[in-house]
Amino acid sequence: MLTWKGALGRSPKCGIVSPAYCVYRPRPGVNSRFYHYLFRTISYQDIFRINSTGLIDSRLRLYSPKFFVIQTIVPPKEEQEKIVSYLDTQCAKIDEIIDQAKASIEDYKQWKAAIIYEAVTKGLDPNVEMKESGVPWIGKMPVNWTISALKNLCTMQAGKNLTSEQISTSGQYPVYGGNGQRGYYSAYNADGHFLLIGRQGARCGNVHDVTGKFWATEHAVVTSATKVTNVCYLYYLLIAMNLNQYASNSAAQPGLSVGNILNLKALLPPINEQARISKFLDDFCSKIDVILTEKQSLIGDLESYKKSLIYEVVTGKRRVQQ
């Protein structure tokens, strides 16, 4: 059992259990819900880890003989039930606030995506004359904008491979993979202002704006704006294009073909209008990102408080009143 990673709990249902798990039934006088809370605290996870066997963390297992000899606290049955009732109520309240915060985050993300899409496809002037673009994902567009293949707006080149052993937790130059920064390396293979597009995996097509000297791995597509394109506008354009939808699932994991992506149809506003759009979106998105950070921080604080509350109550450091 991976109990040291929190892989344990009470199941109220009957069913089939994987051989990777052990099934235990509580003795009379034991409320299994109380031990569901107690054994998932950090203190007990540390105890379980110490008593687990295996060569590396991912294979550590806690087997029944060692699990059974671990000492634990045993409050009176009535107090166990009182603790469980209290924690069920308090945790439900905390979880409700967390769920509301997560839902709010999704709403803000959708609003942010909608504003980005509208700005890069329709511009900032609500009264501008529009025309049909002939491209389904764009729809109507300003009359003075043009449609062009993405290869005319930018160039793309995959980065170079680094092994995990070559990537350090600190160093001179950041290393970027398909999902953002992975660590540091002693050399760089890009210097300037670029966009990095994730090339493989479930999140392929995500876009990162990177400036300076860095190393891009083979999972990141290093994208440079051409002379007709503002790199900041290109960043928001690629986000609006939702490149992940063009991933191929023919291999072991989803992946993007650079050749296919470069042939996609994209919007090309006048260069001065691109700058205005990117400035507007920079300002708007920075405000939304502040709100998202605050809400993520709230969720983190609530989750930490919940863990602390459970620990204090199940260990008797905070007594539950009648």
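Now for a description of the structure that goes with this document. Quick caveat: nothing in here was measured; it's all calculated off a predicted structure.

### Remarks on the sheet that holds strand β6 (residues 180–185)
Right, so step 1: A sheet is described by the order of its strands in space; here six strands give the open sequence β4-β9-β7-β8-β5-β6, paired in mixed fashion. A strand with exactly one partner marks an edge of an open sheet, and here the two such strands are β4 (154–158) and β6. Geometrically, the sheet is characterised by an average inter-axis angle of 40° between neighbouring strands, direction not taken into account.
Right, so step 2: When strand β5 (residues 173–177) meets strand β8 (residues 207–216), the two strands line up parallel, connected through two bridges. The partner of valine 175 across the bridge, within β8, is tryptophan 215.
Right, so step 3: Here helix α5 (residues 231–241) sits on the sheet and contacts β4, β7 (190–198), β8 and β9 (220–225); the angle it forms with β7, its principal contact strand, is near 10°.

### What to know about helix α7 (residues 271–314)
Right, so step 1: Relative to the 64 Å expected for 44 residues at 1.5 Å per residue, α7 spans 63 Å between its end C-alpha atoms, a close match to the ideal helical length.
Right, so step 2: Glycine 316 sits one or two positions beyond α7 and adopts a positive phi of about 80°.

### Some thoughts on the environment of cysteine 14
Right, so step 1: With respect to the helices and strands, cysteine 14 occurs in the segment before α1 (32–38).
Right, so step 2: Here cysteine 14 falls in the exposed class, since its relative accessible area comes to 85%.
Right, so step 3: Spatially, the C-alpha atom of cysteine 14 lies 27 Å from that of glutamate 79, the residues being 65 residues apart in sequence.

### Topic: a nonpolar patch on the surface
Right, so step 1: A surface patch of nonpolar side chains, about 290 Å² in accessible area, is lined by Val17, Tyr21 and Val23.
Right, so step 2: Position of tyrosine 21 among the secondary structure elements: in the segment before α1.
Right, so step 3: Exposure remark for tyrosine 21: the relative accessible area of 46% places this residue in the partly exposed category.

### Notes on unusual backbone geometry
Right, so step 1: Of note, the phi angle at asparagine 242 is positive, near 50°, even though the residue is not glycine.
Right, so step 2: Among the secondary structure elements, asparagine 242 is positioned in the loop between α5 and α6 (258–262).
Right, so step 3: Taking the relative accessible area as the measure of exposure, asparagine 242 reaches 42% and is therefore partly exposed.

### Describing the pattern of salt bridges
Right, so step 1: Under the definition given, this model contains eight salt bridges.
Right, so step 2: The partner of aspartate 283 in a salt bridge is lysine 279, with the nearest N and O atoms 2.6 Å apart. A residue pair is termed a helical-turn pair when its members lie 3 or 4 positions apart in one helix, as aspartate 283 and lysine 279 do in helix α7 at four residues.
Right, so step 3: The exposure class assigned to aspartate 283 is partly exposed, which follows from its relative accessible area of 33%.

### Focus: the nonpolar core
Right, so step 1: In terms of nonpolar packing, the biggest core is built from 67 residues, with Leu150, Leu237, Leu238 and Met241 touching the most fellow members.
Right, so step 2: Membership of the second largest hydrophobic core comes to nine residues, among which are Ala190, Leu196, Ala220 and Val222.

### Section: the packing of aromatic side chains
Right, so step 1: The final tally for this structure, using the stated rule, is 19 aromatic pairs.
Right, so step 2: The interplanar angle of 90° and the centroid separation of 5.6 Å between the aromatic rings of tyrosine 176 and phenylalanine 214 together place this pair among those described as edge-to-face. Separated by 38 residues along the polypeptide, tyrosine 176 in strand β5 and phenylalanine 214 in strand β8 bring together distant segments of the chain. Assigned by exposure class, tyrosine 176 and phenylalanine 214 land together as buried.
Right, so step 3: An aromatic cluster is built from Tyr24, Phe34, Tyr35, Phe39, Tyr44, Phe48, Phe67 and Phe68, whose rings are joined through pairwise contacts.

What counts and how
- Residues numbered from 1 in each chain as written.
- Predicted model: local features only at pLDDT ≥ 70, side-chain atom pairs only at ≥ 80, totals over all residues.
- Heavy atoms only, no water.
- Pairing = 2+ DSSP bridges.
- Helix = DSSP H or I, 4+ residues; strand = E, 2+ residues; numbered from the N terminus.
- Axes fitted to C-alpha atoms, helices over the stretch in contact; angles between N-to-C directions.
- Contact = heavy atoms within 4.5 Å.
- Expected span 1.5 Å × (residues − 1).
- Buried < 20%, exposed > 50% of the residue type's maximum accessible area, 1.4 Å probe, protein only.
- Patch = residues over 30% accessible without salt bridge, like charges linked within 9 Å, V, L, I, M, F, W, Y side chains within 5 Å.
- Areas by Shrake-Rupley, 256 points an atom, 1.4 Å probe, with all protein chains shown as cover.
- Salt bridge = Lys/Arg side-chain N within 4 Å of Asp/Glu carboxyl O.
- Core = buried A, V, L, I, M, F, W, Y, C linked by side-chain atoms within 4.5 Å.
- Phe/Tyr/Trp six-rings, centres within 6.5 Å; stacked < 30°, edge-to-face > 60°.

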